[in-house]
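# Reading the structure
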Amino acid sequence: MQNSRRKIKTHVMLLSITKYGNPVLRAVSAPVEHVDEAIHALASNMIETMYAANGIGLAAPQVGENLRLVVIDIPEDEEEDNAEPEMATINGELRPIRDIMPLVFINPVLEPYGKEYLFTEGCLSVHNIRANVSRPEFVKATLPQLDGSVLEIDCGGLLARCLQHECDHLEGFLFTDRVSSAAKITLAKKLKKLAQQG
């Protein structure tokens, strides 16, 4: 997902973000079978690439890697309703989501639930296009970590939205696939132009 912000650390490699029209964005990603130095390096580089692009989430296909690996970092200033920190049930305990940011996980399992609602989404791979997308309000997620532990998360808000958006990438879906029929017609010319540029 796309949003605003951030800081860049040194000693990392910024990756090229795969653009709309590239077939890698339409492939189903392979599970991460072994977490090795290459996976750790890819995750670190993805985090810094996301920061550099002012994003809050990035999936491996967006940097040309068809692997089930996602990074998310929702800064406090992006949390909904700025008054209170966004909370989630994390391994059975209600905690602020900032406690687990940046969030890095492999081979996720999501169970979206609840009433669907519209929210404006953008994507680092779909440049300069934003649209309303209807998704379930809540998500139960099983998120294996690179260290072998597992996070069990039950959340709503921006984290639930971001988890669904980023994990769609692992299945070859983009947010533009989930807009209304009328919005698809409206976006068709812009998307065609993006595909030709990409």
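Just above, that's the structure.
For the structure given in this document, a descriptive report is provided here. (Residues numbered from 1 in each chain as written. Predicted model: local features only at pLDDT ≥ 70, side-chain atom pairs only at ≥ 80, totals over all residues. Heavy atoms only, no water.)

### A short note on the pairing of strand β8 (residues 150–155)
Side chains Leu151, Ile153 and Cys155 of β8 all project onto a buried face; the interleaved residues Val150, Glu152 and Asp154 project onto a face where none is buried. Of the strand pairs in this sheet, strand β3 (residues 87–90) and β8 are connected by three bridges, and their pairing is antiparallel. Paired with Thr89 across the strands is Asp154, a residue of β8. Bridge analysis of strand β7 (residues 126–144) against β8 gives six bridges, and the strand direction is antiparallel. Among the inter-strand pairings, Lys140 is bridged to a residue of β8, identified as Asp154. In sequence, β7 turns back onto β8 through a hairpin of five residues, with Gly148 there showing a positive phi of about 95 degrees. (Buried < 20%, exposed > 50% of the residue type's maximum accessible area, 1.4 Å probe, protein only. Helix = DSSP H or I, 4+ residues; strand = E, 2+ residues; numbered from the N terminus. Pairing = 2+ DSSP bridges.)

### Digging into the pattern of salt bridges
Evaluation of the coordinates by the stated rule reveals seven salt bridges. Residue Arg95 is joined to Asp99 by a salt bridge in which the shortest nitrogen-to-oxygen separation is 3.5 Å. Accessibility expressed as a relative area gives 44% for Asp99, which makes it partly exposed. Across the pair Glu121 and Arg161 runs a salt bridge, and its minimum N-O distance is 2.8 Å. Placement of the pair is Glu121 in strand β6 (residues 109–123) and Arg161 in helix α2 (residues 157–170), with a sequence separation of 40 residues. Arg161 gets classed as buried once you look at its relative accessible area, which sits at 1%. When salt bridges with common partners are traced through the structure, they connect Glu121, Arg135, Arg161, Asp168 and Arg178 into a single cluster. (Salt bridge = Lys/Arg side-chain N within 4 Å of Asp/Glu carboxyl O.)

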